[in-house]
Number of protein chains: 2
Amino acid sequence: MQIKGVNLGNWLVLEKWMSPALFEGTTAEDEYYLPTQLSKEVYEARIKVHRSEYITERDFAIIKSHHMNAVRIPVPYFIFGDCPPFLGCIEELDKAFGWAEKYGLQILIDLHTVPGSQNGFDNGGISGVCTWAQDPKKVEFTLELLEKLARRYGTRAGLLGIEIVNEPLTAAAWDSFNIQERYKPVDEALGKQSRPVEMAFLRNFYVDAYRKIRKYMPVEKSVVIHDGFDFLAWKDFMQETEFENVILDTHQYLMMAEMAGCAQSVEGYVNFVKENYEEEIKEMSRYFPVICGEWCLFNSYACGHDTKGGQSVLNGMEGVEAEAFTMEEKKVIYQELAKAQLQAWNAGNGYFYWNYKLLLDTVSESSWIGWDAWDFDKCVAQGWFPVEHA
Amino acid sequence: MQIKGVNLGNWLVLEKWMSPALFEGTTAEDEYYLPTQLSKEVYEARIKVHRSEYITERDFAIIKSHHMNAVRIPVPYFIFGDCPPFLGCIEELDKAFGWAEKYGLQILIDLHTVPGSQNGFDNGGISGVCTWAQDPKKVEFTLELLEKLARRYGTRAGLLGIEIVNEPLTAAAWDSFNIQERYKPVDEALGKQSRPVEMAFLRNFYVDAYRKIRKYMPVEKSVVIHDGFDFLAWKDFMQETEFENVILDTHQYLMMAEMAGCAQSVEGYVNFVKENYEEEIKEMSRYFPVICGEWCLFNSYACGHDTKGGQSVLNGMEGVEAEAFTMEEKKVIYQELAKAQLQAWNAGNGYFYWNYKLLLDTVSESSWIGWDAWDFDKCVAQGWFPVEHA
């Protein structure tokens, strides 16, 4: 199966910049601190209305109509409702399976957060903190959680597979992400305990998780492992016959190309994607089916200024005052980039666009100009993303 | 201008069946009683998150991509925030103008509710009550409100026009809607005071409102009057030269055809639309530009049972257990109906589909099977609505 999919990010795992109204009146930068600044009633009201409106049955019909065949659904570690004050969301995932099966889409369940966080990103549960791997109890909780997900959905027709854990931040990318600066921890002491997820730990964890999941999930369903931002490091991993239908997931954003020194121009991006992303995907496809589980058309060039690797007003970085390009010019830029990126992902086993939907307002808040390239439907609507040929 | 548009219903004026989560844990059937059963904080949290998520910039890009050129935006009488406990929503309308102007859409502002209600529908502000026209103070409030809207938006590039008041229920349709049964009033005494809006009153009101609005709105912008469900009664109205660019709006649903005795079959609907709706639109087009400001593909036949004029579980009417038709069969049915209806509306000056979006879940709640034909984007996604040829 060649995967053509979108991520349903910000539905069950929040990102402040994607739906700022949920965070209104608080200084919380992430989902972890949101309930500490709202009454229980208001917190629950916001979360429940958000979940009931952000993604519904109609979105599955729309995604299907855009020639996609899969969705990747980020879920939080508190999905089963056993970690107050956070509200569980297993009913939402249940519904999603009904919708996916009705409209002919496959779901990749993506465990997007774990207790203590595996990366310290704002979308990793708690900003600036990366301590999960150091605590055996939290690791054990995570293994049990994965097993519960596999038991509940393992044989569902609408299941594509389960991704063990999203974006564990290993030493390879630790310095370049510089999370303590980019996502400042609220609790400095906790921030200081943060360390990269060790490769040796991650390998063991993936094997343990594979065995837990596979017990309840037939081999037609995939186990997906994220590369920990160290794509080429997995050539000697899980090559034994015990491990069946394991997909390697790599996330490749143009802003990461920029951080690696890529020229901020269409030609620069296209060459970088071709020479680096596409080549590496070809190389790693000898060992695993490879997907690009997160990518998008966003880039500094189309924004009209250097975003320093995708930093926004949330990171204290100002945006531009006005569009740098006309709508026709932007269309040409994005179409070129889409072509190059899709070609790279299709050298492997496909992709999931990040993200299906965001609630940005680029008209009322000019600082978000250019950021709507993260919104798949908006890209489709404006002809930036060529759904017919993707 | 031939109007091709959609209604942004349930964004600023709620309808319970379209986003049930907003009403969860209450027995309120309409927006009027919702804040009486929730704390101020929870009410505000629900409404604010709903408004921030239901319609955003991306929807304007999507609507434009579906070859539409206009949106009709229902607004409540408390839009300016001067009727506690209801929350004003003028900022949302301001934003909508920015989005419309960016993506090249025109906005028809539709005053959808008035104090005391002009129709007693659940979407008219207060179910089972129709007393507005009897109270001169409420009528005066409404005229001032219309003037304020015209003053604020009258010269905006994104303004198509202002519709004076949505669906005033006159004697012609009073018995067939039978609102006291269909939308039972909470306050029986108030229900008993309800009476049809008198034609003589309505004509005077339209003239007064026209003069208030036109003061601030150049003649390129339209004043839209709803026919009060008495379409042919307006031949001698506003034909004088004083009244410029007045559009007559009629709402024509297939469920209303059913109530008038139309056979529940594709042939039955097509013939009824052709012989009645299309002919009447042609007739009235001699007096006004005519639009069909609300219609949709919904019908009992595709639902698989007689809905008795579009009554749902909310009216105590059970739905079906399973789909009566395959997806392919439904597509054929809806395409035929769309063709006939679009031909009728285009015999006049176009249309607004009702509605752009709903949050129905037909998978988890089978009683809503068939009701997703009210959702424009879902109709487009499933090929029910031929956007390219509309």
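Residues numbered from 1 in each chain as written. Chains lettered and ligands numbered in written order. Predicted model: local features only at pLDDT ≥ 70, side-chain atom pairs only at ≥ 80, totals over all residues. Heavy atoms only, no water.

Taking an unreviewed UniProt entry as the reference, chain A is identified by name as Exo-1,3-beta-glucanase D belonging to Hespellia stercorisuis DSM 15480. You can read under Subcellular location (unreviewed entry) in the UniProt record for chain A the words "Cell membrane". (UniProt positions renumbered as here; feature names shortened; annotations may be inferred.)

Novice: Account for the overall build of chain A, naming residues and giving values.
Specialist: Each helix and strand counted, chain A has 13 helices and 8 strands in total. For chain A, whose C-alpha radius of gyration is 20 Å, the value lies close to the compact-globule estimate of 21 Å for 390 residues. With the C-alpha coordinates of chain A rotated into their principal frame, the extents come out at 55 × 50 × 45 Å. Split into buried and exposed, the 390 residues of chain A put 63% on the buried side. The long-range fraction of contacts in chain A, counting pairs at least 24 apart against all pairs at least 6 apart in sequence, stands at 76%. Accessible surface for chain A amounts to roughly 13800 Å². Of this, 50% is attributable to carbon and sulfur atoms. (Helix = DSSP H or I, 4+ residues; strand = E, 2+ residues; numbered from the N terminus. Rg over C-alpha atoms; globule rule 2.2 N^0.38 Å. Buried < 20%, exposed > 50% of the residue type's maximum accessible area, 1.4 Å probe, protein only. Contact = heavy atoms within 4.5 Å. Areas by Shrake-Rupley, 256 points an atom, 1.4 Å probe, with all protein chains shown as cover.)

Novice: Quick one: what's the story with the relation of the copies chain A and chain B, residue by residue and with numbers?
Specialist: If you rotate chain A by 180° and push it 0.0 Å along the axis, it lands on chain B with an RMSD of 0.0 Å. A rotation of that kind, with that shift, is consistent with a two-fold axis. Using C-alpha coordinates, one finds that chain A approaches the rotation axis most closely at Val-42 of chain A, a distance of 2.7 Å. A share of 100% of interface residues in chain A that are also interface residues in chain B marks the association as one of identical surfaces. (Least-squares fit on C-alpha atoms with pLDDT ≥ 70 in both.)

Novice: Describe the packing of helix α4 (residues 136-153) of chain A against helix α8 (residues 199-214) of chain A, and please don't skip the residues or the numbers.
Specialist: Residues and elements named next belong to chain A. Interhelical geometry of α4 versus α8 gives an angle of 30° and a closest axis separation of 9 Å. Crossing handedness for the pair α4 and α8: right-handed. When α4 is examined against α8, the residues Val-139, Glu-140, Thr-142, Leu-143, Leu-146, Glu-147 and Ala-150 are found in contact with a partner set consisting of Phe-201, Phe-205, Asp-208, Ala-209, Lys-212 and Ile-213. Among the residues forming the contact of α4 with α8, the class breakdown is 8 nonpolar, 1 polar and 4 charged. (Axes fitted to C-alpha atoms, helices over the stretch in contact; angles between N-to-C directions. Left-handed = near helix turned anticlockwise from the far one by under 90°. Nonpolar A, V, L, I, M, F, W, Y, C, P; charged D, E, K, R; others polar.)

Novice: Give a description of the pairing of strand β4 (residues 159-163) of chain A that names residues and reports values.
Specialist: Residue and element names in this part refer to chain A. Burial within β4 is extensive, with 5 of its 5 residues counted as buried. Pairing geometry for strand β3 (residues 106-111) and β4, over 4 bridges, is parallel. Residue Asp-110 lies in a different strand from β4, and its bridge partner there is Glu-163. Following the backbone out of β3, through α4 and into the adjacent parallel β4, one traces a crossover that is right-handed. Bridge count between β4 and strand β5 (residues 222-226): 3 bridges; the pairing is parallel. Counterpart to Glu-163 in the pairing with β5 is Val-224. (Pairing = 2+ DSSP bridges. Right-handed = clockwise from strand over helix to strand, strands pointing away.)

Novice: How would you summarise the packing of aromatic side chains if you had to cite specific residues and measurements?
Specialist: For the structure shown, the criterion picks out 78 aromatic pairs over all chains. Here Tyr-253 of chain A and Trp-374 of chain A contribute two aromatic rings whose centre-to-centre distance is 5.3 Å and whose plane-to-plane angle is 40°, an arrangement assigned as tilted. Residue Tyr-253 of chain A is found in the loop between β6 (246-251) and α9 (254-259), and its partner Trp-374 of chain A is found in the loop between β8 (350-353) and α13 (376-381); the two are separated by 121 residues along the sequence. Side by side, Tyr-253 of chain A and Trp-374 of chain A carry an identical accessibility label, which is buried. The interplanar angle of 80° and the centroid separation of 5.5 Å between the aromatic rings of Phe-272 of chain A and Tyr-277 of chain A together place this pair among those described as edge-to-face. Here Phe-272 of chain A matches Tyr-277 of chain A in class, with each residue buried. An aromatic cluster is built from Phe-272, Tyr-277, Trp-295, Trp-345, Tyr-351, Tyr-353, Phe-376 and Phe-385 of chain A, whose rings are joined through pairwise contacts. A cation sits over an aromatic face here: Arg-58 of chain B above Tyr-356 of chain A, 5.5 Å from the ring centre. In this structure, Lys-148 of chain B packs its charged tip against the face of Phe-80 of chain B, placed 4.6 Å from the ring centre. (Phe/Tyr/Trp six-rings, centres within 6.5 Å; stacked < 30°, edge-to-face > 60°. Lys NZ or Arg CZ within 6 Å of the ring centre and 35° of its normal.)

Novice: Give a detailed account of the interface of chain A and chain B, specifying residues and quantitative values.
Specialist: Counting residues at the interface gives 42 residues for chain A and 42 residues for chain B. For the pair chain A and chain B, the summed buried surface comes to about 3300 Å²; carbon and sulfur atoms form 60% of the total. The partner of Glu-323 of chain A in a salt bridge is Lys-102 of chain B, and the shortest N-O contact between them spans 3.5 Å. Where chain A meets chain B, there are 16 residue pairs in polar contact (both at pLDDT 80 or more). With 10 residues, the single largest contributor to the side of chain A that touches chain B is helix α1 (residues 40-54) of chain A. For the side of chain A that touches chain B, the per-class residue count stands at 17 nonpolar, 9 polar and 16 charged. (Buried area = accessible area lost by both parts, 1.4 Å probe. Salt bridge = Lys/Arg side-chain N within 4 Å of Asp/Glu carboxyl O. Polar contact = N/O pair within 3.5 Å; in protein donor to acceptor, adjacent residues only side chain to side chain.)

Novice: Give me the lowdown on the nonpolar core, citing residues and values where you can.
Specialist: Ranked by size, the top nonpolar core spans 275 residues in total, and within it Phe-385 of chain A together with Phe-385 of chain B carry the most contacts. Among residues more than four places away in sequence, those in contact with Phe-385 of chain B are Met-68, Trp-295, Leu-342, Tyr-351, Tyr-353, Phe-376, Cys-379, Val-380 and Ala-390 of chain B. (Core = buried A, V, L, I, M, F, W, Y, C linked by side-chain atoms within 4.5 Å.)

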